[in-house]
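These are the residues of each chain, in order.
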Amino acid sequence: MEKLLSVAFVLSTLLISCNGGKSEVQKVVSEKVAVEVPKFNADSAFQYIQNQANFGPRVPNTVEHDDCAVYLQNELTRFGAEVTVQNANLRAFDGTILKSKNIIGSFNVEAKSRVLLMSHWDSRPYSDHDADEANYNKPILGVDDGASGVGVLLEMARLFGQQNPTVGVDIVFFDSEDYGNPRGGDSDSWCLGSQYWSANPHTINYRAKYGILLDMVGAKDATFHKEVYSMMYAKGVVEKIWQKAAELGYSNYFIPQMLGQITDDHVPVNEILGVPSVDIINFSENGFPSHWHTQNDDMQNIEKKTLQAVGETLLNVVYEEK
Ligand code: AHN
Ligand code: ZN
């Protein structure tokens, strides 16, 4: 079996001491610290995405949403996470009270040094970018926009359960991200679950070294640029991730250029909680992918190669963290 080894080199040091006039080489340290990184299984991630899609659109205040919440909770529990479900009634832009659930799975709960991994799990109640205006008030299936990030993180959770990383990991599935005002100009109407969690984290004095948000990470030919808020608040983390992706040969997905300033769940985590966080989101010179907020955001867009690039890159980053 071929094992993925990620090797951190500790610089050789040569210590010379003088004893009674004669020079003696005291110690030569040449140490390689090898970290074993488990193999990301894109078939497995794909299946977790399909399982979410099978519920139908996961719009807050619907039975499909309730059922999917139970599924996510059960999966995290099955993988050995300590699971917290945070319930909150959040007011949408139109006054609707959204019965929201942020779902949190923690590994290695005793570890002080922690990494935060995030994705939203709800799906949008409008297809406001659909070519057919008659679809405007239909919810999207939210396969790339929602389920893909969750699917990648569930696969990572499965592996964390088998082999704990050195650091502690908190996986947070945010609710009510995608209920934003379709008429625009109302950036606070997005990301309601992450705004709530950032002001009321699931443990008192919650801290993490940094956070990584996944949003629309499943489509064929996805491109992830260095997003502006991520660079403002967490430049070092951006560079670490894009560098790791380059080492693994994934620079065709992780483009080493800055592009886009996107209101997403990482913004409240940066601005309210103060944990430096980056957004890995499919965005290009043409904006969001063409299936974004349309009836076409379905399983057809999902390609395992993209899931593999994202999952493998993040696993390497997390397992190398101390
Ligand atoms: C806005 O459209 C303001 N932000 C994009 C956040 C988002 C929506 N991600 C997925 N769906
Ligand atoms: Zn969306």
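Read on for an overview of the structure. Keep in mind that what you see is a predicted model, and the values were worked out from it rather than measured. (Residues numbered from 1 in each chain as written. Chains lettered and ligands numbered in written order. Predicted model: local features only at pLDDT ≥ 70, side-chain atom pairs only at ≥ 80, totals over all residues. Heavy atoms only, no water.)

## A few points about the overall build of the chain
- A count of helical and extended segments in the chain gives seven helices and 10 strands.
- For the chain, buried positions account for 54% of its 322 residues.
- Taking the contacts inside the chain whose residues are at least 6 apart along the sequence as the reference set, 78% of them involve residues at least 24 apart.
- Only carbon and sulfur atoms are counted for the fraction: they give 49% of the accessible area of the chain, which is about 14,400 Å². (Helix = DSSP H or I, 4+ residues; strand = E, 2+ residues; numbered from the N terminus. Buried < 20%, exposed > 50% of the residue type's maximum accessible area, 1.4 Å probe, protein only. Contact = heavy atoms within 4.5 Å. Areas by Shrake-Rupley, 256 points an atom, 1.4 Å probe, with all protein chains shown as cover.)

## Quick notes on helix α1 (residues 42-53)
- Here α1 spans 16 Å end to end across 12 residues, near enough to the 16 Å set by a 1.5 Å rise per residue.
- Those residues of α1 that are buried lie in contact with α2 (63-78), α3 (143-162) and α7 (304-320).
- You can read the cap of α1 off the contacts: a side-chain oxygen lies 2.9 Å from the backbone nitrogen of Asp43, and it is on Asn41. (Expected span 1.5 Å × (residues − 1). Polar contact = N/O pair within 3.5 Å; in protein donor to acceptor, adjacent residues only side chain to side chain.)

## Here we look at the coordination of the zinc ion (ligand 2)
- Within the protein, Asp145 (OD), Asp178 (OD), Asp178 (OD) and His293 (NE2) serve as the donor atoms for the zinc ion (ligand 2), at 1.9 to 2.5 Å.
- Each donor residue of the zinc ion (ligand 2) belongs to the same chain, with the gaps between them written as D-x32-D-x114-H. With a gap of 33 residues between them, Asp145 in helix α3 and Asp178 in the loop between β6 (168-174) and α4 (192-199) connect regions that are remote in the sequence. Here Asp145 and Asp178 have matching classes, each one buried. (Donors = N, O, S within 2.8 Å, 3.2 Å for Na, K, Ca; no water.)

Function cannot be read off these values alone, since they describe shape.
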